[in-house]
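Read off the chains here:
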Amino acid sequence: MISGIPAFFIVVLGLISSNVLVMSLCIGIYGFSLLPIIGIGNSYIATEFHPISPAATIGITHISNSIVGTVLTFLVTFLIEVNKWYGLGCLLLFTVLSSIIGIFVKETINK
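Report follows, based on the coordinates. (Residues numbered from 1 in each chain as written. Predicted model: local features only at pLDDT ≥ 70, side-chain atom pairs only at ≥ 80, totals over all residues. Heavy atoms only, no water.)

1. Brief notes about helix α3 (residues 54-82)
The first and last C-alpha atoms of α3 sit 42 Å apart over 29 residues, in line with the 42 Å expected at 1.5 Å per residue. Every buried residue of α3 is listed here: Thr 57, Ile 58, Val 76 and Leu 79. Contacts from the buried residues of α3 go to α2 (20-48) and α4 (84-103). (Helix = DSSP H or I, 4+ residues; strand = E, 2+ residues; numbered from the N terminus. Expected span 1.5 Å × (residues − 1). Buried < 20%, exposed > 50% of the residue type's maximum accessible area, 1.4 Å probe, protein only. Contact = heavy atoms within 4.5 Å.)

2. Observations regarding the nonpolar core
Counting residues in each nonpolar core, the largest one holds ten residues, listed as Phe 8, Val 11, Val 12, Leu 15, Tyr 30, Val 76, Leu 79, Leu 88, Cys 90 and Leu 91. Put simply, the parts of the chain that give this core at least two residues each are α1 (4-17), α3 and α4. When residues in this core are grouped by element, the largest group, four residues, is from α1. Sequence-distant contacts of Cys 90, defined by excluding residues within four places in its chain, comprise Leu 72, Leu 75, Val 76 and Leu 79. (Core = buried A, V, L, I, M, F, W, Y, C linked by side-chain atoms within 4.5 Å.)

3. Some points on the packing of α3 against α4
A pair of packed helices is captured by two measures, namely the crossing angle of their axes and the spacing between those axes. For the pair α3 and α4, interaxial distance at closest approach is 5 Å and the crossing angle is 145°. Facing α3, whose interface residues are Leu 72, Leu 75, Val 76, Leu 79, Ile 80 and Val 82, α4 presents Lys 84, Tyr 86, Gly 87, Cys 90, Leu 91 and Phe 94. Classifying every residue of the contact of α3 with α4 gives ten nonpolar, one polar and one charged. (Axes fitted to C-alpha atoms, helices over the stretch in contact; angles between N-to-C directions. Nonpolar A, V, L, I, M, F, W, Y, C, P; charged D, E, K, R; others polar.)

4. Observations concerning α4
For α4, built from 20 residues, the straight-helix expectation of 28 Å at 1.5 Å per residue is met to within 8% by its first-to-last C-alpha distance of 29 Å. Buried within α4 we find Gly 87, Leu 88, Cys 90, Leu 91, Thr 95 and Ser 99. One side of α4 holds all its buried residues, which, seen down the axis, span an arc of 160°. (Arc of directions from axis to C-beta.)

5. Regarding a nonpolar patch on the surface
Residues Phe 9, Leu 92, Val 96, Ile 100, Ile 103 and Phe 104 make up a contiguous nonpolar surface patch of about 560 Å² in total accessible area. Ranked by the residues each element gives to the nonpolar patch, the list is headed by α4, at four residues. With respect to the helices, strands and loops of the structure, Phe 9 is situated in helix α1. (Patch = residues over 30% accessible without salt bridge, like charges linked within 9 Å, V, L, I, M, F, W, Y side chains within 5 Å. Areas by Shrake-Rupley, 256 points an atom, 1.4 Å probe, with all protein chains shown as cover. Salt bridge = Lys/Arg side-chain N within 4 Å of Asp/Glu carboxyl O.)

Remember that the coordinates give geometry; whether it matters functionally is a separate question.
In structure tokens, the structure reads:
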């Protein structure tokens, strides 16, 4: 939440500019700012689903992330072609929604 929400506004600046190079740079900065979440998420997954091997749970999570990311990419791309503010609204909605859901996740260690 700390890195995702502020980085979202960098993407807004990129889309407002309507320059492909600036837009690509801003989306790259957005992705780079979300990279620390991967290590934290993998550690959480490995401890939460302990009887199952960490490699299997992390692999399943990455597959599901790829599927959701692909669907979201097509959705946002379609909405940006209609109106760039619809695409930004969709991105903001999912960024805020995932941050709110993350607040309610509690770690329990299964033994």
